[in-house]
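Here is how the chains run, residue by residue.
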Amino acid sequence: MRIAGYVLIGLGFATALLWNWVGRESVGLMAVFGVSMIAGLLLLSVNAIVRLSRGDLQLRPIAALKRAPLIFVIMIVVYALAGVIFPATQIDWTETLVKCAIISSLMAIYFSAYRKPA
């Protein structure tokens, strides 16, 4: 289920960037790409919840606190690069900082999960 989630997120993101780069304006297709990415995130979330409920995973919040700032900086750099690559896009930096803070903390928790040896 994790591999399918990563594949859906990657395909949705790559095709949305490609479609935007080509310059096509189709709200329907961009919505489909967005739904594809959301479906991938849901698969990853369900997989993590199932593994936590079975006891296969343990969270390490201290390790997550160490990783969160790095992920936050990487996400801000990606947003800045997107602003350079697509100059017509207006970026609200306050909203971007809040979104990046929330998402980076969640990603850090996800990445710092410890899998118990079988």
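A few points on the structure. Just so it is clear, the structure is predicted and the values come from calculations on it, not from any experiment.

## Some thoughts on the layout of surface pockets
- Roughly 1900 Å³ of internal volume is contained in the largest pocket.
- In this structure, the largest pocket is lined by 44 residues; those nearest its centre are Met37, Leu41, Met75, Ile103 and Met107.
- Contributing elements (two or more residues each) for the lining of the largest pocket: helix H1 (2–22), helix H2 (27–54), helix H3 (61–85) and helix H4 (93–111).
- Sorting elements by how many residues they give to the lining of the largest pocket places H2 first, with twelve residues.
- Here the residues of the lining of the largest pocket sort into 31 nonpolar, seven polar and six charged.

## Here's the deal with the side chain of asparagine 47
- The topology assignment puts asparagine 47 in helix H2.
- Once residues lying within four places of it in the same chain are set aside, the contact partners of asparagine 47 are Met1 and Arg2.

## Considerations on H1
- Here H1 contains 21 residues, and its C-alpha end-to-end distance of 30 Å stays within 8% of the 30 Å for a straight helix at 1.5 Å per residue.
- Of all the positions in H1, only Gly5, Gly12 and Ala16 are classed as buried. Across the axial projection of H1, the buried residues extend over an arc of 40 degrees, all falling on one side. Exposed side of H1, more than 90 degrees from the buried face: Ile3, Leu11 and Trp21 are the residues found there.
- Those residues of H1 that are buried are in contact with H2.
- One or two positions beyond H1, positive phi appears at glycine 23, with a value near 95 degrees.

Criteria and thresholds
- Residues numbered from 1 in each chain as written.
- Predicted model: local features only at pLDDT ≥ 70, side-chain atom pairs only at ≥ 80, totals over all residues.
- Heavy atoms only, no water.
- 1 Å grid on protein atoms, 1.4 Å probe; cavity = no way out; pocket = protein on both sides within 12 Å on 5 of 7 lines; lining within 4 Å.
- Points joined across faces, edges and corners; volume = space filled by probe spheres on them.
- Helix = DSSP H or I, 4+ residues; strand = E, 2+ residues; numbered from the N terminus.
- Nonpolar A, V, L, I, M, F, W, Y, C, P; charged D, E, K, R; others polar.
- Contact = heavy atoms within 4.5 Å.
- Expected span 1.5 Å × (residues − 1).
- Buried < 20%, exposed > 50% of the residue type's maximum accessible area, 1.4 Å probe, protein only.
- Arc of directions from axis to C-beta.

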